[in-house]
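Summary of structural features
Residue-level listing of the chains:
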Amino acid sequence: MEEINLLTTHPATKRNYDKRAEEKTPEIIQLAKQFGKDFFDGDRKCGYGGYKYDGRWKAVIQRMQKHYNLPIDAAILDIGCGKGFLLYEFTQVLPRVEVAGIDISEYAVQNSKKEVKPFIQVGNAAKLPYEDNYFDYVYSLGTIHNLYNFELYSALQEIERVLKLGGYLIVTGPNKLRLSNILTPRRLWALWKARTLPRVQEPFSRHWYSYRGLNELLEITGYENKKIRTNGFAQLPPVRWNSK
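The present account deals with the structure reproduced in this document. (Residues numbered from 1 in each chain as written. Predicted model: local features only at pLDDT ≥ 70, side-chain atom pairs only at ≥ 80, totals over all residues. Heavy atoms only, no water.)

Quick look at the pairing of strand S5 (residues 163–172)
- Counting buried residues along S5, 7 of its 10 residues qualify, which places the element largely inside the surrounding structure.
- Here strand S4 (residues 135–141) pairs with S5 via 6 bridges, running parallel. Note on S5: the bridge partner recorded for Tyr 139 is Ile 170.
- At this point the chain moves from S4, through helix H7 (residues 149–162), to the parallel S5, and the crossover so formed is right-handed. (Buried < 20%, exposed > 50% of the residue type's maximum accessible area, 1.4 Å probe, protein only. Helix = DSSP H or I, 4+ residues; strand = E, 2+ residues; numbered from the N terminus. Pairing = 2+ DSSP bridges. Right-handed = clockwise from strand over helix to strand, strands pointing away.)

Structure, rendered in structure tokens:
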């Protein structure tokens with residue numbers, strides 16, 4: 001399978017990540033990690049700063065459908081679906097699609113897009129409330145790094161359970177070893193200043209996965225990796241579940 005960046009049509013961010021990192025106090029991090037109103041629709045330094053539908057994902061969904069040759073009646077699961085904007089776009093691209101979404105945030109589910117709200121529920125990826133071998137396509141964008149290692153292992157096993165043989169799992173997450181994440185003067189200075197802080201302070205992302213670490217974890221849970229793309233917060237491996 002050739003390498004493809006499905007996010008080329010998605011607007012590039014103009015955010016200053018270093019400045020945002022400096023603004024994140026332990027109090028702001030703990031507030032954001034509740035994944036409530038403050039995270040989705042509160043102040044920008046706590047999260048999205050207003051998570052509203054604007055149609056920007058439709059072109060991405062069209063590319064996904066074409067690249068993975070998804071049938072018009074595909075069963076699709078979004079893990080960490082937020083307000084369901086991507087699921088809604090799937091309903092516009094595939095007229096007979098069956099969508100389902102799960103998110104840990106009660107606020108996001110309660111305020112999800114009305115067209116797909118009946119198909120979204122509160123839950124944890126480590127225990128999916130769906131039948132075995134049901135979905136053709138499962139994706140989780142910007143979610144897995146919020147799981148601890150033991151939770152991720154359980155979540156991948158659960159995804160394998162609900163994914164059809166030959167179906168696809170797409171995940172994205174921060175790249176632990178991206179040089180710009182660790183070697184800029186500003187970041188090195190921040191690490192130096194934080195050297196005396198209590199170790200109980202936990203970063204917003206519970207775990208950042210390296211290429212090798214995520215690849216090995218996927219393999220031991222039974223996946224065949226088709227492609228891993230490392231580009232900061234870009235597409236990580238589209239993998240296909242194969243029985244062994």
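With respect to the environment of Gly 84
- Relative to the helices and strands, Gly 84 is located in the loop between strand S1 (75–79) and helix H5 (85–93).
- Taking the C-alpha atoms as reference, Gly 84 lies 5.7 Å from Ser 112; in sequence the two are 28 residues apart.
- Among residues more than four places away in sequence, those in contact with Gly 84 are Val 116 and Ile 120. (Contact = heavy atoms within 4.5 Å.)

What about the packing of helix H4 (residues 58–67) against H5?
- Running from N to C, H4 and H5 cross one another at 60°; their axes reach a closest spacing of 9 Å. Overall, the two elements H4 and H5 adopt an arrangement that is oblique. Between H4 and H5 the crossing geometry is right-handed. The segment H4 lies against H5, with Lys 58, Ile 61, Gln 62, Met 64 and Gln 65 engaging Leu 86, Glu 89, Phe 90 and Val 93.
- A class-by-class count of the residues in the contact of H4 with H5 yields 5 nonpolar, 2 polar and 2 charged. (Axes fitted to C-alpha atoms, helices over the stretch in contact; angles between N-to-C directions. Parallel < 35°, antiparallel > 145°, perpendicular 65-115°, else oblique. Left-handed = near helix turned anticlockwise from the far one by under 90°. Nonpolar A, V, L, I, M, F, W, Y, C, P; charged D, E, K, R; others polar.)

A few points about unusual backbone geometry
- The phi dihedral of Phe 35 is positive, around 50°, even though this residue is not glycine.
- Along the chain, the position of Phe 35 falls in the loop between helix H2 (26–32) and helix H3 (37–41).
- Despite not being glycine, Asn 133 shows a phi value in the positive range, around 50°.

Observations regarding the packing of aromatic side chains
- Tallied over the entire structure, the rule returns 17 aromatic pairs.
- With 5.3 Å between their ring centres and 70° between their planes, Phe 39 and Tyr 48 make a pair best called edge-to-face.
- The class for Phe 39 is buried, based on a relative accessible area of 13%.
- By relative accessible area, which is 40% here, Tyr 48 ends up partly exposed.
- Look at Tyr 51 and Phe 85: their rings are 4.9 Å apart centre to centre, the planes differ by 35°, and that puts the pair in the tilted class. Taken together, the residues Tyr 51 in the loop between H3 and H4 and Phe 85 in helix H5 connect sequence positions 34 residues apart. Summarising the burial analysis for this pair, Tyr 51 and Phe 85 share the class buried.
- Three or more aromatic residues joined by ring pairs form one cluster here, namely Phe 35, Phe 39, Phe 40, Tyr 48, Tyr 51, Tyr 53, Phe 85, Tyr 88 and Tyr 107.
- Sitting over the ring of Tyr 53, Lys 113 keeps its end group 4.4 Å from the ring centre.
- Lying across the ring of Tyr 88, Lys 113 places its NZ or CZ 4.5 Å from the centre. (Phe/Tyr/Trp six-rings, centres within 6.5 Å; stacked < 30°, edge-to-face > 60°. Lys NZ or Arg CZ within 6 Å of the ring centre and 35° of its normal.)

Structural notes on H7
- With 14 residues, H7 should reach 20 Å at 1.5 Å per residue; the first-to-last C-alpha distance of 20 Å fits that figure.
- Buried within H7 are the following residues: Glu 151, Leu 152, Ala 155, Leu 156, Glu 158, Ile 159 and Val 162. Down the axis, H7 shows its buried residues gathered within 165° of arc, on one side only. (Expected span 1.5 Å × (residues − 1). Arc of directions from axis to C-beta.)

Any functional reading would require information beyond the geometric quantities listed.
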